[in-house]
Amino acid sequence: MLIQENIELSKYNSFGCKATASYFCTVKRKDEIDEAISWCTHQNKPYLLLGGGSNILFTKDFKGLIIKMEIKGIKLLKETPSEVLISVGAGENWHLLVKYCVQKGWGGIENLSLIPGTVGAAPIQNIGAYGVEAKDSIQAITAFDTHTNKWVVLQNKDCHFDYRNSLFKQEKNRYIITEVQFSLQKQPTLHTDYGAIREVLHNKQIKQASIEDISNAIIEIRTAKLPDPLVLGNAGSFFKNPTVSIEQYNQLKQSHTDLIAFPISDTQYKLAAGWLIEQAGWKGKKKGPVGCYEKQALVIVNYAQASGKEIFDFSEEIIQSVQSQFGIQLEREVNIV
Ligand code: EPU
């Protein structure tokens, strides 16, 4: 396995920010993971696993080894008249996997069409969109546990999945995911509750939607609302939607009658961070090369070779402004290095 030195990272992160990795390698097979980790142990260097680089912000150089995940392959493990179980290499592109499954008629992840990034990154932040999360279809995960130096297979319930959260985020850097098993349905339940999906299907006069129709609708919605990272550097939603208690929600609702929020349990509400940021006056605002996207305030955009530090500082200003206006502390969804 080749370990390269002093690699410039702008093409490896969707913000397109400049940073240098002291060491860099790509892994295409599982045994190369053992090799890379053992190299780090012997050299006493930290490692950082990189998939598509679509949820990371480099604010400085990385002094250790960047391990670029390129383990590929889609294997059919089991097929019954109603479902399939597939195993997918962590380095596969997420959207290409969705397209492959849609084309096969396997339902479950079609609402997650066009999400940038790799399959191995999907469980880490439990990617979610339009009423569906990756955890709904994930059966198990194969990973290298760097604490015990052993390979493990974690079942769905072991992964502590939650909104934009999982065991892999809580125990940051402990597990290196190499394969994800998905259980997909041949007669799937379609998730069309989301207003925007219903609107697209209605406009196209589709009454009995297929998973392909849903996937196409989502591609249309995302393309209209979210910037293409290949054109404008970004990492999708920069912040999470914050959760508040019902008391806090009631209080806010009194002073802001148009507050956008959704109940998530008997005691908690999720607030639309995009709305909070927009109300605080940030939507479409630019500061030098960084800006808040004009069509979706949750997205921070690199308009012109901004550094990671400039993007981070811009996000800090948004956090402080929302805090002072609403008393809500926004949390970043993007991983900061
Ligand atoms: N809203 C505003 N202003 C904005 C953005 C949103 O008022 O600038 C309002 C909308 O009008 C809507 C509500 O906020 O009533 C929710 O907006 P939207 O449906 O666009 O979804 P979101 O909560 O802003 C989340 C995910 C997205 C995902 C969409 C669709 C998070 C952090 N983000 O955004 O995920 O595509 O739902 O399900 O949960 C991502 O993670 O990178 C991502 C794009």
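Note that the structure is predicted; figures quoted are calculated from it, not measured. (Residues numbered from 1 in each chain as written. Predicted model: local features only at pLDDT ≥ 70, side-chain atom pairs only at ≥ 80, totals over all residues. Heavy atoms only, no water.)

**Here we look at the overall build of the protein chain**
- Within the protein chain, the secondary structure is distributed over eight helices and 20 strands.
- Its C-alpha atoms put the protein chain at 60 × 55 × 40 Å along the principal axes.
- For the protein chain, the proportion of its 337 residues judged to be buried stands at 49%.
- In the protein chain, once contacts between residues fewer than 6 apart in sequence are set aside, the share between residues at least 24 apart is 60%.
- In the form shown here, the protein chain has an accessible surface area of approximately 16,200 Å², with 47% of it arising from carbon and sulfur atoms.
- Of the charged side chains in the protein chain, 37 are positive and 36 negative, and the gap between their average positions amounts to 2 Å. (Helix = DSSP H or I, 4+ residues; strand = E, 2+ residues; numbered from the N terminus. Buried < 20%, exposed > 50% of the residue type's maximum accessible area, 1.4 Å probe, protein only. Contact = heavy atoms within 4.5 Å. Areas by Shrake-Rupley, 256 points an atom, 1.4 Å probe, with all protein chains shown as cover. Lys, Arg positive; Asp, Glu negative; His and termini not counted. Charge placed at Lys NZ, Arg CZ, Asp CG, Glu CD.)

**Looking at the sheet that holds strand β16 (residues 268–271)**
- Taken together, three strands build an open sheet; the order of strands is β14-β16-β15 and the sheet is antiparallel. On the outer flanks of this sheet lie β14 (243–245) and β15 (261–263), each paired with one strand and no other. Strand-to-strand twist of the sheet, defined as the mean angle between neighbouring strand axes without regard to direction, takes the value 35°.
- Along the sheet, helix α6 (residues 246–255) contacts β14, β15 and β16; its crossing angle with β14, the most-contacted strand, is approximately 90°. (Pairing = 2+ DSSP bridges. Axes fitted to C-alpha atoms, helices over the stretch in contact; angles between N-to-C directions.)

**Here we look at the packing of aromatic side chains**
- Overall, the coordinates contain 12 aromatic pairs when judged by the stated rule.
- In this structure an aromatic cluster arises from ring pairing among F15, F238 and F239.
- Positioned above the aromatic ring of W151, the side-chain terminus of K30 is 4.7 Å from the ring centre. (Phe/Tyr/Trp six-rings, centres within 6.5 Å; stacked < 30°, edge-to-face > 60°. Lys NZ or Arg CZ within 6 Å of the ring centre and 35° of its normal.)

**Quick look at the packing of helix α2 (residues 94–104) against helix α5 (residues 211–225)**
- Between α2 and α5, the least distance of the axes is 9 Å, while the angle of their chain directions is 150°. By the angle between their directions, the pair α2 and α5 is classed as roughly antiparallel. Crossing of α2 over α5 shows left-handed handedness. Contacts from H95, C101 and V102 in α2 reach I211, E212, S215 and I219 in α5.
- Counted by class, the contact of α2 with α5 contains four nonpolar, two polar and one charged residues. (Parallel < 35°, antiparallel > 145°, perpendicular 65-115°, else oblique. Left-handed = near helix turned anticlockwise from the far one by under 90°. Nonpolar A, V, L, I, M, F, W, Y, C, P; charged D, E, K, R; others polar.)

**A look at the site of the ligand**
- Around the ligand, the surrounding shell holds 24 residues, and the nearest of these are Y130, Y163, R164, Y194 and E278.
- At 2.7 Å, a side-chain N or O of K225 approaches an oxygen atom of the ligand.
- Elements with a minimum of two residues in the shell around the ligand: β8 (128–129), α5, β13 (233–237) and α7 (273–279).
- Among the elements that make up the shell around the ligand, the one with the highest residue count is α7 (three residues).
- Its residues assigned to classes, the shell around the ligand shows 11 nonpolar, six polar and seven charged.
- Mapped onto the domain boundaries, the shell around the ligand takes at least three residues apiece from domain 2 (74–185) and domain 3 (233–336). (Near = heavy atom within 4 Å. Polar contact = N/O pair within 3.5 Å; in protein donor to acceptor, adjacent residues only side chain to side chain. Domains from an automatic or database assignment.)

**Focus on α5**
- For α5, which comprises 15 residues, the first-to-last C-alpha distance of 21 Å matches the rise-based estimate of 21 Å (1.5 Å per residue) to within 8%.
- Within α5, the full set of buried residues consists of I211, I214, S215, A217, I218, I221 and R222. Seen along its axis, α5 keeps its buried residues to an arc of 160°; they face one direction.
- Where α5 is buried, its residues contact α2, β8 and α4 (195–203). (Expected span 1.5 Å × (residues − 1). Arc of directions from axis to C-beta.)

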